[in-house]
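Chain by chain, the residues:
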Amino acid sequence: MRSIFAAAAACCALLALANGAHAQTRWPNGAKAAVVLTYDDALTSQLDNVVPALDAAGFKGTFFLANVDGAQVGRWRQVAARGHELGNHTIFHPCTKASYPADPRYVSEAYTPASMLREIIQQNVLLRALDGRPRHGFATPCGQSLAGGVDYLEDLRKANLVPYVRGVVDTPADARADVAKADPMHIPSRGFGEGATAEKMIAYVREAEQGGGWAVFLFHGVGGDYLTVPDAEHRKLLDWLAAHRSEVWVTTLQGALDWAKAHPGR
Ligand SMILES: [Zn+2]
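Reading guide: rules and limits
- Residues numbered from 1 in each chain as written.
- Predicted model: local features only at pLDDT ≥ 70, side-chain atom pairs only at ≥ 80, totals over all residues.
- Heavy atoms only, no water.
- Phe/Tyr/Trp six-rings, centres within 6.5 Å; stacked < 30°, edge-to-face > 60°.
- Helix = DSSP H or I, 4+ residues; strand = E, 2+ residues; numbered from the N terminus.
- Buried < 20%, exposed > 50% of the residue type's maximum accessible area, 1.4 Å probe, protein only.
- Donors = N, O, S within 2.8 Å, 3.2 Å for Na, K, Ca; no water.
- Arc of directions from axis to C-beta.
- Contact = heavy atoms within 4.5 Å.
- Polar contact = N/O pair within 3.5 Å; in protein donor to acceptor, adjacent residues only side chain to side chain.
- pLDDT = per-residue confidence, 0-100.
- Core = buried A, V, L, I, M, F, W, Y, C linked by side-chain atoms within 4.5 Å.
- Salt bridge = Lys/Arg side-chain N within 4 Å of Asp/Glu carboxyl O.
- Axes fitted to C-alpha atoms, helices over the stretch in contact; angles between N-to-C directions.
- Left-handed = near helix turned anticlockwise from the far one by under 90°.
- Nonpolar A, V, L, I, M, F, W, Y, C, P; charged D, E, K, R; others polar.

(A) Local environment of the packing of aromatic side chains. Applying the stated rule across the entire model yields 12 aromatic pairs. Their ring planes at 40° and their centres at 5.9 Å tell us that W27 and W249 sit as a pair that is tilted. Taken together, the positions of W27 in the loop between α1 (2-21) and β1 (33-40) and W249 in strand β10 (residues 248-251) put the pair 222 residues apart, joining distant regions of the chain. Classification of W27 as buried rests on a relative accessible area of 4%. W249 gets classed as partly exposed once you look at its relative accessible area, which sits at 22%. Taking the centre distance of 4.3 Å and the plane angle of 35° together, the rings of F92 and Y106 count as tilted. In this pair, F92 sits in the loop between β3 (85-88) and α4 (113-131) while Y106 sits in the loop between β3 and α4, placing the two residues 14 residues apart along the sequence. An aromatic cluster is present here, built from Y39, F63, W76, F192, Y204, F217 and F219 joined pairwise through their rings.

(B) A look at the coordination of the zinc ion. Note on the zinc ion: its protein donors are D41 (OD), H89 (NE2) and H93 (NE2). The metal-donor distances range over 2.0 to 2.1 Å. Read N to C, the donor residues that coordinate the zinc ion are spaced as D-x47-H-x3-H. Exposure remark for H89: the relative accessible area of 1% places this residue in the buried category. H93 sits in the buried class, given a relative accessible area of 4%.

(C) Spatial organisation of helix α3 (residues 73-81). Among the residues making up α3, those that are buried are W76, V79 and A80. Along the axis of α3, the buried positions cluster into a sector of 95°, meaning they face one direction only. Considering only its buried residues, α3 is in contact with α2 (44-57), β2 (62-65), β3 and α4.

(D) The side chain of E207, seen in detail. If you trace the backbone, E207 turns up in helix α6 (residues 198-211). Only 3.1 Å separates the side chain of E207 from the side chain of R190, close enough to count as a polar contact.

(E) Quick look at unusual backbone geometry. Its identity as a non-glycine residue notwithstanding, D41 has a phi of 80°, on the positive side. Mapped onto the elements of the fold, D41 is located in the loop between β1 and α2. Even without being a glycine, A42 presents a positive backbone phi close to 55°. Note on A42: relative accessible area 9%, which makes it buried.

(F) Structural context of the confidence of the model for the protein. Overall, the predicted model of the protein reaches an average pLDDT of 90, with 90% of residues at or above 70. In this model, residues 1-22 is a region of pLDDT below 50 whose contacts with residues beyond four sequence positions or in other chains number 1 contact.

(G) Broad picture of the nonpolar core. Judged by nonpolar contacts, the single largest core of 55 residues is most densely connected at L37, F63, W214, F217, F219 and L241. Here L37 is in contact with L54, G61, T62, F217, F219, L237, L238, L241, V250 and T251, once residues within four sequence places are set aside. By size, the runner-up hydrophobic cluster in this structure holds 13 residues, among which are Y111, L156, V162 and V165.

(H) Summary view of the pattern of salt bridges. This structure, assessed with the given rule, holds 12 salt bridges. The shortest N-O distance in the salt bridge between R75 and D48 comes to 2.7 Å. Of this pair, R75 sits in helix α3 while D48 sits in helix α2, and the two are 27 residues apart along the sequence. Salt-bridge contacts for E209 lead to R206; the nearest nitrogen and oxygen are separated by 2.7 Å. With E209 and R206 both in helix α6, this residue pair falls 3 residues apart, about one helical turn.

(I) Structural detail: the packing of α6 against helix α7 (residues 231-243). The contact between α6 and α7 brings their axes to 8 Å, and the two run at 35°. α6 and α7 meet at a crossing whose hand is right-handed. Seen from α6, the contacting residues are A198, M201, I202, V205, R206 and E209; seen from α7, they are E233, H234, K236, L237, W240 and L241. The class makeup of the residues in the contact of α6 with α7 is 7 nonpolar, 1 polar and 4 charged.

Spelled out as structure tokens, the structure:
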């Protein structure tokens, strides 16, 4: 009898392992992975180069706006009207003095968690004026969540001001993560900048495909501005994604999270 119980236990442990290995998000139409293209800092090169390329391919991107240029308000409104996602990146992009020199009032050391949350609320007002939506995802400036040296993420979570927070780091395991189980306050991303090639970016998508997870790209400049990915390489990535539509689902960050929540892995 003991050996039968042992065998049953081993069997069930194996089943549990198998279930664990397959507990991945199921993406629309059998896609093997979701691809999320995010662009930070409301840069002109994104309006000039990225938005037309995404529109031509029929893809939607996610744009985290900070330091919005008043002259570009109409263009950002059009970006939202075409179905792209606008996200919150604060108004003034406060980072630590050491990482992102700025006016002394606009470095994160000069903030408190309360003043940071107030700024996020106010940026949501601007975003709502642009796209009419009541809620917006958030991306931490410089990947930091510090205000006066204090981490404000828990305050942000409790205040329920944003549906998710995208950071700037990932691990190889994130590409294979069950997205339904992701902590919405710690969404990973992989940054691409100078030296990025389509080959390296496609390799990131392949990594996500292997595990049924997602690849969350983080871009700044594309063909201009800073941390610049060459426009030609970005276009090659989009061309590759367009040619592999049946394998990968290109969507906004909110779109991927909403889908994963409604269709958890089995
Ligand atoms: Zn930024």
